[in-house]
Structure formats: structure tokens, C-alpha cells
Amino acid sequence: MSIHPLAVVSPHAELGTNVRVGPFCVVEAGVVLGDGCHLLGRVTIKSGTVVGRDNLVMEGTVLGGMPQHIHMPEHPGTTVIGDGNVFRENCTVHRALAAGSETRIGNRCLFMDDAHVAHDCTVEDNVVLTNGVMLGGHVTIGERAYMGGASAAHQFCRIGRLAMIGGMAKVVRDVPPFVMLDGNPAMVIGLNKVGLRRAGFSATELVQLKEAYRVIYRHGLMWQEMLTALREQFPAGTAAEFAAFFSGGKRGFVQERRTPPGAIVRLMRDDAEETTVAMPAAEKKAG
């Protein structure tokens, strides 16, 4: 164990083996730091925080801070962090609002500069939150999801596993697993094909996900018809996760962004090279 002389570590904190605490760090009473954790300068770990093994916490990060809520709880919950996570500079993770509840972060996640995880969130394994990402309270993010820079998720939203959120996107509804989002407000723009391949999904699984995607967004089915079709056509396997996801949630679901049929018009320039431009709907009707 290595504790810098300029660090403040409570004698009532529990530190594992090979823990390193850098200068100007503060580790409060009741904190548990697992084996191999490394806190660089100016890190603060607040009471009620349990940190697993081999986490790297960089300058200015605060783990387990009080929830940002108009009614500050007298007896807040806790913060539980798994193993092998990296918190870059100035990240914040807040403890749960109520005693007996917890903000939970899984294993091997990456939180880039200034990422914020609010009270009562659940972040599962291998999630990446890039610079400036903001999660409202009670947000749930599935495994291997990726949130682009400065994107934000509204309170109580769920983001399915292996979903990819574009930079500066505004997420106000639940995001199904395996899809990509972009825009403000964010809308679905297709499957996260690159992420799925990198995750080792087979060609058969990719085909099934594409077929399920069409059932959801392209067949024009009513809500219950869509759920029934998903359950009947994909009773098991990866694609079955869509029906399970759609069966929960409180905020509705993100819709697909599609270019209206016939909205692209081909034009020929003087040099005979072909190009395309978008044609407004009003012009199409007038023409």
C-alpha cells in the first residue's frame, strides 16, 4: 500500500492490498477500496462507497457524492463500483437517494473526462461514457453500450445493451438494444453493426437482428401486433431480447428516423456528373 503524505485517508476506511493513493486525495470513513486500486491526485471517495479491485481513478474525480436533488435525503443510499473500471479526469458518480438503494457500476467500464452518473443509476459491464456524457437519475445502461461526447439521458430512461448513442444526442425515451441513435432529440438510425461484429456476434445472429429490426420499424404494425410478431418469430436467441426490452419501461421508446420515400432527386450537372439532392415534400407535390 502507498499513501502520499499529502492525502487524507480516514482510519475508518478499508483499503485492500497494493492500493495507491496520490496527493491531495480524500478517502472518507466507511469507504471500501479493493485490491490494486489507484487514485491519482485530487480524487475524493465519499462515505458509503464500495469500490472493487483494480480501478483507476484520475485527477479531480468524485465517487459517491451526495445526490443532486431538491430534497436532500437525510439517510442516502450507497455507491457500489465493480472491478477494472477507469474514471478519467473530473468524473462524478452520486450515491442513491434512499437508504437501502444504490447507484451501481459494473466491471471494465470507461468513463471519460467530465462524465456524470446521477443517483440510482445502473451501469452494466463494459460500458463507455465519453467526454461530457450526463446520465439523469435512475438511468439504466446495458452491457457494452456506448454514449458519444456530450450526449445526455433523461431520468428513468433505459439504454439497451450494445446500443450506440451519437455525440450530443438527447435521449428522452428508452433505447432498444443493438441500435444506433443520433440527433436531438435522438432517433434510431439503424443497427449498431460495427459494435455487434466487434462483440463477436455471428452472421446468423446479425441476420436475425436485422429481421427483427424490420418487424419493429418497417412493417407498419400496431404496438401489440409488433410485440406478438417478435415473440412468435424470435422466441429465443439474441433477437428475443427486443420483445423482453419492449415489455418494460416507463418513458416510451425511441422511434426510427427515415428519409421519406421519393425524397431524393437525381440531377445532372453541366459536367455530366450525377449528384443527388433532397427535395422538400411540398416541392414534390407541386412538381
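The structure under discussion appears in the preceding block.
S.K.: Account for the nonpolar core, naming residues and giving values.
M.R.: Core analysis: the largest hydrophobic core is formed by 72 residues, its most contacted members being Phe111, Leu129, Leu135 and Leu230. Going through the elements one at a time, strand 27 (179-183), strand 28 (186-191), helix 2 (203-217), helix 3 (223-233) and helix 4 (240-246) are the ones with two or more residues in this core. Looking at this core element by element, the count peaks at seven residues for helix 2. In this structure, Leu129 is in contact with Leu110, Phe111, Met112, Ala115, Val117, Leu135, Ile141 and Met147, ignoring residues within four places of it in sequence.

S.K.: Let's hear about the sheet that holds strand 3 (residues 14-15): which residues, and what values?
M.R.: As a general point, the strands of a sheet are linked pairwise by backbone hydrogen bonds and lie either parallel or antiparallel. As summarised here, the arrangement of the eight strands in space is 3-6-9-12-15-18-21-24, forming an open sheet in which the pairing is parallel. Of all strands in the sheet, those with a lone pairing partner are strand 3 and strand 24 (158-159), marking the two edges. For strand 6 (residues 32-33) and strand 9 (residues 49-51), the ladder comprises two bridges, and the chain directions are parallel. The partner of Leu33 across the bridge, within strand 9, is Val51.

S.K.: Describe in detail the pairing of strand 28, supporting the description with residues and values.
M.R.: Both strand 27 and strand 28 contribute to a ladder of five bridges, which runs antiparallel. Across the sheet, Met180 pairs through a bridge with Gly190, a residue of strand 28. Remark: two residues form the turn of the hairpin made by strand 27 and strand 28, two consecutive strands paired antiparallel.

S.K.: Help me get a handle on the side chain of Ser10, residues and values and all.
M.R.: You can see Ser10 is positioned in the loop between strand 2 (8-9) and strand 3. On the accessibility criterion, Ser10 (15% relative accessible area) is buried. The contact partners of Ser10, leaving out residues within four places of it in the chain, are Val27, Glu28 and Ala29.

S.K.: I'd like a description of helix 3, backed by residues and values.
M.R.: Every buried residue of helix 3 is listed here: Met226, Leu227, Ala229 and Leu230. Buried residues along helix 3 cover an arc of 160° about the axis, so they all sit on one side. Away from its buried face by more than 90 degrees, helix 3 exposes Gln224 and Glu232. Summarising the contacts, the buried residues of helix 3 are in contact with helix 2 and helix 4.

S.K.: How would you summarise the pattern of salt bridges if you had to cite specific residues and measurements?
M.R.: Taken as a whole and assessed by the stated rule, the structure comprises eight salt bridges. The residue Arg218 makes a salt bridge to Glu256 at a minimum N-O spacing of 2.8 Å. Taken together, the residues Arg218 in the loop between helix 2 and helix 3 and Glu256 in the loop between helix 4 and strand 29 (264-268) connect sequence positions 38 residues apart. The class for Glu256 is buried, based on a relative accessible area of 13%.

S.K.: Please give an account of a positive patch on the surface that cites residues and values.
M.R.: Judged by side-chain charge, Lys193, Arg197, Lys210 and Arg214 come together as a positively charged surface patch. Note that Lys210 resides in helix 2.

S.K.: So what's going on with the sheet that holds strand 1 (residues 2-3)? Which residues, and what values?
M.R.: With respect to topology, 11 strands assemble into an open sheet ordered 1-4-7-10-13-16-19-22-25-27-28, the strand pairing being mixed. Looking at the sheet topology across the chains shown, the edges are occupied by strand 1 and strand 28. For strand 1 and strand 4 (residues 20-21), the ladder comprises two bridges, and the chain directions are parallel. When the sheet's bridge partners are listed, Ser2 is paired in strand 4 with Arg20. Contacting strand 27 and strand 28, helix 2 crosses the sheet at an angle of about 140° to strand 28.

Rules behind the numbers
Residues numbered from 1 in each chain as written. Predicted model: local features only at pLDDT ≥ 70, side-chain atom pairs only at ≥ 80, totals over all residues. Heavy atoms only, no water. Core = buried A, V, L, I, M, F, W, Y, C linked by side-chain atoms within 4.5 Å. Buried < 20%, exposed > 50% of the residue type's maximum accessible area, 1.4 Å probe, protein only. Helix = DSSP H or I, 4+ residues; strand = E, 2+ residues; numbered from the N terminus. Contact = heavy atoms within 4.5 Å. Pairing = 2+ DSSP bridges. Arc of directions from axis to C-beta. Salt bridge = Lys/Arg side-chain N within 4 Å of Asp/Glu carboxyl O. Patch = residues over 30% accessible without salt bridge, like charges linked within 9 Å, V, L, I, M, F, W, Y side chains within 5 Å. Areas by Shrake-Rupley, 256 points an atom, 1.4 Å probe, with all protein chains shown as cover. Lys, Arg positive; Asp, Glu negative; His and termini not counted. Charge placed at Lys NZ, Arg CZ, Asp CG, Glu CD. Axes fitted to C-alpha atoms, helices over the stretch in contact; angles between N-to-C directions.

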